[in-house]
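# Architecture and fold: a report
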Amino acid sequence: MNKNCLIVAAGDKSLHRQYIDGPCDFDMHLLVYDNSAEKWRGDTPYICKLHGYKLKMTYAYLTANPEILDRYDYFLLADDDISMTSADVNAVFSAMRRYGLQIGQPSLVDSYYSWYHTLHDEFCLLRYTNFVEVMIPCFSREALRKVLFTFNENDCGWGTESHWPLLIDS
């Protein structure tokens, strides 16, 4: 059993198949928010049809299935429009484990961004910060347990990520 969990809020135009294009050191859980669940049925044994925003769906999924929190060490929560390969996803989990990170995110390349420090810097392997963006955060199990309630605090998730470092005393 993998110790890493990738949760993707997936719709009809989801890019999540890129995430499983090679060897995977993770299980992928799809939370399908539209009518495309049948289209993705063969991609993973973990598929659930829900409605709403990624964080609210993740909150509903994990509180309805609390054993999932016990099963994995790390959780990467990806928007379905992020372009990554399985090697990229594996590298995120590897870095989280190697550096003992509680919250992190991969840097963004050719992506929409709101915060400059989330962009890729070819001269950096790792940058420490007190903020990760909501589009692709990664949590240790312990950190996710501490911040999970915030996923259900508002309808869109806006501003939620500002509280995460405070809640884990980072």
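Everything discussed here concerns the structure shown above.
Below: a short report on this structure. The residue numbers shown here count from 1 along each chain, following its written sequence. Per-residue local features are limited, in this predicted model, to residues with pLDDT of at least 70; the limit for side-chain atom pairs, both in listing and counting, is 80 or more; totals at the level of whole chains, interfaces and linings are taken over all residues. Side-chain metrics rest on all non-hydrogen atoms present in the structure, leaving aside hydrogens and water.

## A few points about the overall build of the protein chain
Definition in use: Segments assigned H or I by DSSP are reported as helices when at least four residues long, segments assigned E as strands when at least two residues long, and all are numbered from the N terminus. Three exposure classes are used, based on accessible area relative to the maximum for each residue type with a 1.4 Å probe and protein chains only: buried under 20%, partly exposed in between, and exposed over 50%. The contact criterion used is simple: two residues touch if any of their non-hydrogen atoms lie within 4.5 Å. Accessible areas in this description were obtained via Shrake-Rupley with a 1.4 Å probe; residue shielding takes into account the shown protein chains only. Charge assignment in this entry is limited to Lys and Arg as positive and Asp and Glu as negative, and neither His nor the chain termini are counted. Every charge is mapped to an atom, namely NZ of Lys, CZ of Arg, CG of Asp or CD of Glu.
A count of helical and extended segments in the protein chain gives six helices and six strands. Taken from the N to the C terminus, the helices and strands of the protein chain come in the order β-β-α-β-α-α-β-α-β-β-α-α. Here the protein chain holds 170 residues, and the buried ones make up 48% of them. Excluding contacts between residues fewer than 6 apart, the proportion of contacts in the protein chain whose partners are at least 24 apart in sequence is 62%. When the accessible surface of the protein chain is split by element, carbon and sulfur atoms take 53% of a total near 8900 Å². Each charge class in the protein chain was averaged separately, 15 positive and 23 negative side chains, and the resulting centres sit 5 Å apart.

## Let's talk about the packing of aromatic side chains
Rules: When the centres of two rings from Phe, Tyr and Trp lie within 6.5 Å, Trp using its six-membered ring, the rings pair. Their planes under 30 degrees apart give stacked, over 60 give edge-to-face, and anything left gives tilted.
Summed over the entire model, instances satisfying the criterion amount to five aromatic pairs. Plain terms: the ring middles of Phe26 and Phe93 are 6.2 Å apart, the flat faces sit at 40° to each other, and that makes the pair tilted. Here the residue Phe26 occupies a position in the loop between strand 1 (4–10) and strand 2 (27–32), and Phe93 occupies one in helix 4 (residues 86–98), the gap between them amounting to 67 residues. By the burial criterion, Phe26 is buried, and Phe93 matches it.

## Observations regarding the nonpolar core
So the rule is basically this: To form a nonpolar core, buried Ala, Val, Leu, Ile, Met, Phe, Trp, Tyr and Cys residues must be joined to one another through side-chain atoms within 4.5 Å.
Core analysis: the largest hydrophobic core is formed by 25 residues, its most contacted members being Leu62, Phe75, Phe139, Leu144, Phe151 and Trp164. Mapped onto this core, the elements with two or more residues apiece are strand 1, helix 2 (54–64), helix 3 (67–71), strand 4 (74–79) and helix 5 (141–147). The biggest single contributor to this core is helix 2, with four residues. Beyond its immediate sequence surroundings of up to four residues, Leu144 is in contact with Leu62, Leu69, Phe75, Phe139 and Phe151.

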